[in-house]
Amino acid sequence: MATESPVKTLGLYIHIPFCRSKCQYCDFYSLGGSRDKKLVDNYLQALAIHLKETGARATDYVVDTVYFGGGTPSFFGADNLRRIFAEVQHRFRVDKDAEITFEANPDSISDLLLRKLRAEGFNRISIGVQNDSDEMLKKLGRPHNYEQARQAVQKARDAGFDNISLDLMYGLPSQTVEQWEQTLRHVLLLKPEHMSCYGLKVEENTPLWEYRDCANLPSDEVQAEMYLRMASILEEAGYRQYEISNFAKPGFASRHNLKYWLGEEYIGFGPAAASDFAGKRYANLPDIHNYIRGVIHQDVPILSECETIPLRERAGEYVMLRLRTTRGISEDEYEKNFLMPFRPLEKIIEKLAEKDLFRQEGERWVLTPKGFLVSNQIIAMLQQAQEKSTPLAKKR
């Protein structure tokens, strides 16, 4: 009797590059200001064509996550989001239990928007709260206040969303450890299922970059203390850390984002969106006008890069991405999938475990909270060891 081949799953990312305004720290590709109707209509047309063309190449896959990111998808409007999602359902096989997420800012959330999206099948919302201080939100260029954030969570509950994620930032101008702890405890009263907490990174080509030297940003040591306190407070509150910056109640880890960290396949649509599909990794240029032209008229390229990833490089990605998570890495997984010896890595890991940077869970090695703080350095050490390793002989 023939056995059925395992179902291949796929994640879709839809980039919505429209915002009410750009935040002081934001370096994501987005357009701040009012939505130009012609540009929006052309963008919707381009997305529809791109989804149709790509769906024809993914007939062997079942889509189990769809993520609308930005930009600010809630600012884009419920009807536009519903139109895109209807196209996704028409062009792909979408699992009946798929995780369907959209990002939202509190100022662009309304009861009507939430009801429309929940009725359409959206079942997860990620709200950009960032901080509980109106003064700090204003410094960051956020277009909302904390009361709007609190109301947004309640509106989402009333509309039937039972999977709510909140984004917070730490390491903000003049922020103290005590203020960060207060923010965490205040936001925890909203009882989200998921929390994403990111340290502020000052990126070039952002307004914050221009005045970074006088922004009174916390030192690296203070940010490290903020991180460790955060991990402790969220664990005490019942949130399990599953990635460097992400914490969830049991059963509420982001299934879509886990695809990135676990090396699973995903396709991105829209300018600046990245993909890892059918053995190739590629990314779209960060230009909405060229994206529209390239998709509709096919007279300009839309890709900024496209490459087939060699197995040794995939092994490096496995270490880099898996060590972002509390799943970690294992000898069996590593050697079976990449035909590389694990022992050179394990020698380094065992020494770092003596410094409380790694812990062993069964056959897996996982970074501790202290290890997460210096994960970039650790990963670089492990990847250097990889480069010197000789591949294992293939078994006959």
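To be clear, the structure that these remarks concern was listed above.
Right, let's walk through the structure included here. (Residues numbered from 1 in each chain as written. Predicted model: local features only at pLDDT ≥ 70, side-chain atom pairs only at ≥ 80, totals over all residues. Heavy atoms only, no water.)

## Considerations on the packing of aromatic side chains
- Under the criterion given, the structure shown has 18 aromatic pairs.
- With a centroid separation of 6.0 Å and an interplanar angle of 65 degrees, the aromatic rings of F18 and Y43 are classed as edge-to-face. Of this pair, F18 sits in strand β2 (residues 18-19) while Y43 sits in helix α1 (residues 37-55), and the two are 25 residues apart along the sequence.
- Taking the relative accessible area as the measure of exposure, F18 reaches 3% and is therefore buried.
- Aromatic pair F18 and F76: ring centres 5.2 Å apart, planes at 10 degrees, arrangement stacked. With F18 in strand β2 and F76 in helix α2 (residues 73-76), the pair connects residues that are 58 residues apart, well separated along the chain.
- By relative accessible area, F76 is classed as buried at 1%.
- Through a chain of ring-to-ring contacts, three or more aromatic side chains come together here, namely F68, F85, F102, F122 and F161.
- The lysine or arginine in question, K249, covers the ring of Y239, its NZ or CZ lying 4.6 Å from the ring centre. (Phe/Tyr/Trp six-rings, centres within 6.5 Å; stacked < 30°, edge-to-face > 60°. Helix = DSSP H or I, 4+ residues; strand = E, 2+ residues; numbered from the N terminus. Buried < 20%, exposed > 50% of the residue type's maximum accessible area, 1.4 Å probe, protein only. Lys NZ or Arg CZ within 6 Å of the ring centre and 35° of its normal.)

## What to know about helix α9 (residues 220-236)
- For α9, with 17 residues, the first-to-last C-alpha span of 24 Å sits near the 24 Å given by 1.5 Å per residue.
- What α9 keeps buried is the set Q223, M226, Y227, M230, A231, I233 and L234.
- Within two residues after α9, G238 carries a phi angle of roughly 95 degrees, on the positive side. (Expected span 1.5 Å × (residues − 1).)

## Focus on the packing of α1 against helix α11 (residues 288-296)
- In the contact formed by α1 and α11, the axes pass within 9 Å of each other and the chain directions differ by 50 degrees. Comparing the axis directions of α1 and α11 gives the class oblique. The handedness of the crossing between α1 and α11 is left-handed. Of the residues in α11, those touching α1 at L39, N42, Y43, Q45, A46, L47, I49 and H50 are I288, H289, Y291, I292, V295 and I296.
- Of the residues that constitute the contact of α1 with α11, the class distribution is 10 nonpolar, four polar and no charged. (Axes fitted to C-alpha atoms, helices over the stretch in contact; angles between N-to-C directions. Parallel < 35°, antiparallel > 145°, perpendicular 65-115°, else oblique. Left-handed = near helix turned anticlockwise from the far one by under 90°. Contact = heavy atoms within 4.5 Å. Nonpolar A, V, L, I, M, F, W, Y, C, P; charged D, E, K, R; others polar.)

## Things to note about the side chain of H50
- Relative to the helices and strands, H50 resides in helix α1.
- For H50, a relative accessible area of 11% gives the class buried.
- Once you skip the residues sitting within four places of it in the chain, H50 turns out to touch G268, F269, N284, Y291, V295 and I302.

## Some points on the pairing of strand β13 (residues 280-284)
- By the criterion of burial, β13 is predominantly enclosed, with four of the five residues buried.
- Bridge count for strand β12 (residues 274-277) against β13 is four bridges, and the pairing is antiparallel. From the neighbouring strand, A274 faces β13, where its bridge partner is A283. (Pairing = 2+ DSSP bridges.)

## Some points on the nonpolar core
- Judged by nonpolar contacts, the single largest core of 97 residues is most densely connected at I14, F68, F102, I125 and M195.
- If sequence neighbours within four positions are ignored, F68 has contacts with I14, I16, P73, L81, I84, F85, T101, F102, E103 and F122.
- Core analysis: the next-biggest nonpolar cluster, separate from the first, contains 10 residues, C23, Y25, M136 and L172 among them. (Core = buried A, V, L, I, M, F, W, Y, C linked by side-chain atoms within 4.5 Å.)

## Describing the state of the cysteines
- A complete count under the given rule lists zero disulfides for this structure.
- Cysteine C214 shares no disulfide, and the gap to the nearest cysteine sulfur, in C23, comes to 19 Å.
- With relative accessibility at 64%, the residue C214 sits in the exposed group. (Disulfide = S-S within 2.5 Å.)

## Focus: helix α4 (residues 111-120)
- Those residues of α4 lying buried are L113, L114 and L117. Seen from one end, α4 has its buried residues packed into an arc of 95 degrees, which puts them on one side.
- Those residues of α4 that are buried are in contact with α2, α3 (78-91), β5 (94-104), β6 (124-130) and α6 (146-158).
- Positive backbone phi, approximately 120 degrees, marks G121, located one or two places after α4. (Arc of directions from axis to C-beta.)

## Focus: the pattern of salt bridges
- Tallying each qualifying case throughout the model produces 25 salt bridges.
- Among the ionic pairs, R20 bridges to D107, the shortest N-O distance being 2.6 Å. You can see R20 sitting in the loop between β2 and β3 (31-32) and its partner D107 sitting in the loop between β5 and α4, a full 87 residues away along the chain.
- R20 gets classed as partly exposed once you look at its relative accessible area, which sits at 41%. (Salt bridge = Lys/Arg side-chain N within 4 Å of Asp/Glu carboxyl O.)

## Section: the sheet that holds strand β15 (residues 329-330)
- One open sheet holds the three strands; their spatial order is β15-β17-β16, and the pairing between them is antiparallel. The outermost strands of the open sheet, each flanked by one partner alone, are β15 and β16 (358-361).
- Relative to strand β17 (residues 364-367), β16 runs antiparallel, the two being bridged by four bridges. Bridge pairing in β17 links R359 to V366.

## A word on the packing of helix α14 (residues 343-353) against helix α16 (residues 375-388)
- In the contact formed by α14 and α16, the axes pass within 8 Å of each other and the chain directions differ by 150 degrees. With respect to their mutual orientation, α14 and α16 come out roughly antiparallel. Every pair of crossing elements has a handedness; the one defined by α14 and α16 is right-handed. Where α14 abuts α16, its residues P344, L345, I348, I349 and L352 lie against I378, M381, L382, A385 and Q386.

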